[in-house]
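Structural characterization, general
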Amino acid sequence: MKVAVFGLGYVGTVTAAGLASRGHHVVGVDVDPMKVDAISRGQSPVVEPGIGDLVRRSVASGRLEATTEARHALECADVSLLCVGTPSSARGDSDLTYLRRAVEDLRDSMREATPPEGGVHTVVVRSTVPPGTCAKVLGPLVTGELPQGWSVAIAMCPEFLREGSGVEDFFAPPFVVVGTDDARAQVALRELFAFLSHDIHYVDLGTAESLKYACNAFHAVKVTFANEMGRVFAAFGVDSRRVMDIFIQDTKLNVSHAYLRPGFAFGGSCLPKDLRALQSMARSHDVEIPMVGSALSSNEMLVRSVVDRVLQTEYRSVCLVGLSFKMDTDDLRESPNLEVAERFVGKGLDVRIYDPIVNPDKLIGANLRHLQSKLAHVNRLLAATPEEALDGAEVVIVSSSDAEALRAVTAASPKLVIDLHGRLGEDVEQLSGYAGVSW
Ligand SMILES: NC(=O)c1ccc[n+]([C@@H]2O[C@H](COP(=O)([O-])OP(=O)(O)OC[C@H]3O[C@@H](n4cnc5c(N)ncnc54)[C@H](O)[C@@H]3O)[C@@H](O)[C@H]2O)c1
């Protein structure tokens, strides 16, 4: 394919040279003439293992060139990849000035450049941009008037390379994600990345834009987590390297898919208790652990957001499907669902509860005490069947995926169904009152 790459920094140079090495004809564009000169001489403008060789060979083969003239790069180009910087503004948001300028350059260049065969040019953002950016900044290329012969399809294709192993990562990315609702862009990107033996994840623009932030935030959170653990344990004379060496060997719960689906607040007899203990251990040694320490307040915010959401409606009759902190247990200690029920009762709402497992007649010990301290009259609120609990309910809050209960929720079709679970299935999700807790 004939490809224009806008921005010859770390991402752009690796992308341009990488694509050229796999047979595409690439013209890189940069507003910085020094970067363009470097590539024209067969040298890389950035330092990365392997990039020098890749640029030199690609330029020597005639498949990679560089220019400051967007018009030259756009000549007959099938695809433009926008790899310009999106630095932090003074307020902390992404500065989209370079992206906007690149899009203007692209549009202006279409006046003079020859369109590709077939006339469809795919404009792809590889820079990291907040959700909604592609639609806002690139959308006008699709909906607005373009010079004769040009038609534009847009896509977001986030880049996952890491500096220091950029070339290696480019050829072995964790995944290839293409955000677009345009079939023409899907076809173009399938061809562009055909050299990678990866299935492409086709998603909408917003999902592709968000993914990169989720990845980077997770990396940052992991580093901070390990460091906060280190600082607490060091105060107790424990070598956290040893702790974490073993920690990472748990690929069932620790370094795994577990606990990574958006849903409702955590609870139960261990997590809140042990987080509080960890905070106390840190405090006792004057160690601050702001990230781990804020997990409980973040959790509380989620509980409050669900309660407020219901209180902001005119509905006063609420049914909770699921009471324990997770399915298949009757443990009610620090269950966020119980907390929600208690707050509704406190606000004078009419509350009914169905839990396929929790049976107050069978609860004993700490469980019973916890229930009694939270909801003294819970016996009156608990229904024996989901139908009974749902009878007359305007709002249903579902945290259990018990099949019988979900059938009853679907049949009752309440005014508002708040899904705290995340995988209740199509029948519930297609109800007109359905709303996810954070989706
Ligand atoms: N650096 C990384 O490891 C990495 C990895 C993945 C994603 N990203 C994202 O990719 C984007 C680019 O990152 P980078 O590190 O390569 O940035 P960079 O600052 O190294 O390079 C950006 C280049 O764009 C050029 N530029 C600016 N305006 C231009 C225009 N109108 N036309 C042509 N060129 C223009 C600049 O001169 C510069 O050379 C950012 O959004 C970044 O967040 C970076």
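Refer to the preceding data block for the structure.
Being a predicted model, the structure only gives us computed values, none of them experimental.

Glancing now at the overall build of the chain. Looking only at helices and strands, the chain features 19 helices and 13 strands. C-alpha extents for the chain along the principal axes are approximately 80 × 55 × 40 Å. With 439 residues in all, the chain has 46% of them scored as buried. A total accessible area of about 21900 Å² is found for the chain, and carbon and sulfur atoms account for 51% of it. Across the chain, the centroid of the 43 positively charged side chains sits 4 Å from that of the 56 negatively charged ones.

Here Glu159 lies in the loop between strand E6 (151–156) and helix H7 (166–171). What makes Glu159 buried here is its relative accessible area of 7%. A distance of 2.6 Å separates a polar atom in the side chain of Glu159 from a polar atom in the side chain of Arg126. Setting aside residues up to four positions removed in sequence, Glu159 forms contacts with Val11, Thr15, Arg126, Phe170 and Lys212.

Moving on: the site of the ligand. Lining the immediate environment of the ligand, one finds 23 residues, of which Val11, Asp30, Lys35, Thr86 and Glu163 sit closest. Between the ligand and the protein, one listed contact pairs an oxygen atom with a side-chain N or O atom of Thr86 at 2.5 Å. In isolation the ligand offers 840 Å² of accessible surface; the protein chains occlude 81% of this area. Taken together, the elements giving at least two residues each to the shell around the ligand come down to helix H1 (10–21) and helix H5 (97–110). By residue number, the principal contributor to the shell around the ligand is H5, which donates 4 residues. The residue inventory of the shell around the ligand, partitioned by class, reads 10 nonpolar, 6 polar and 7 charged.

What follows deals with the pairing of strand E12 (residues 416–419). Side-chain alternation along E12 places Leu416 and Ile418 on one buried face and Val417 and Asp419 on a second face that is also buried. Where strand E11 (residues 395–398) meets E12, 4 bridges bridge the pair, whose relative direction is parallel. Among the inter-strand pairings, Val398 is bridged to a residue of E12, identified as Asp419. The β-α-β motif built from E11, the intervening helix H18 (residues 403–412) and the parallel element E12 has right-handed crossover chirality. Two strands pair when backbone bridges link them, and E12 and strand E13 (residues 434–436) are joined in this way by 3 bridges, in the parallel orientation. Within the sheet, the bridge partner assigned to Asp419 lies in E13 and is Gly436.

Here is what the cut-offs are and how they apply
Residues numbered from 1 in each chain as written. Predicted model: local features only at pLDDT ≥ 70, side-chain atom pairs only at ≥ 80, totals over all residues. Heavy atoms only, no water. Helix = DSSP H or I, 4+ residues; strand = E, 2+ residues; numbered from the N terminus. Buried < 20%, exposed > 50% of the residue type's maximum accessible area, 1.4 Å probe, protein only. Areas by Shrake-Rupley, 256 points an atom, 1.4 Å probe, with all protein chains shown as cover. Lys, Arg positive; Asp, Glu negative; His and termini not counted. Charge placed at Lys NZ, Arg CZ, Asp CG, Glu CD. Polar contact = N/O pair within 3.5 Å; in protein donor to acceptor, adjacent residues only side chain to side chain. Contact = heavy atoms within 4.5 Å. Near = heavy atom within 4 Å. Nonpolar A, V, L, I, M, F, W, Y, C, P; charged D, E, K, R; others polar. Pairing = 2+ DSSP bridges. Right-handed = clockwise from strand over helix to strand, strands pointing away.

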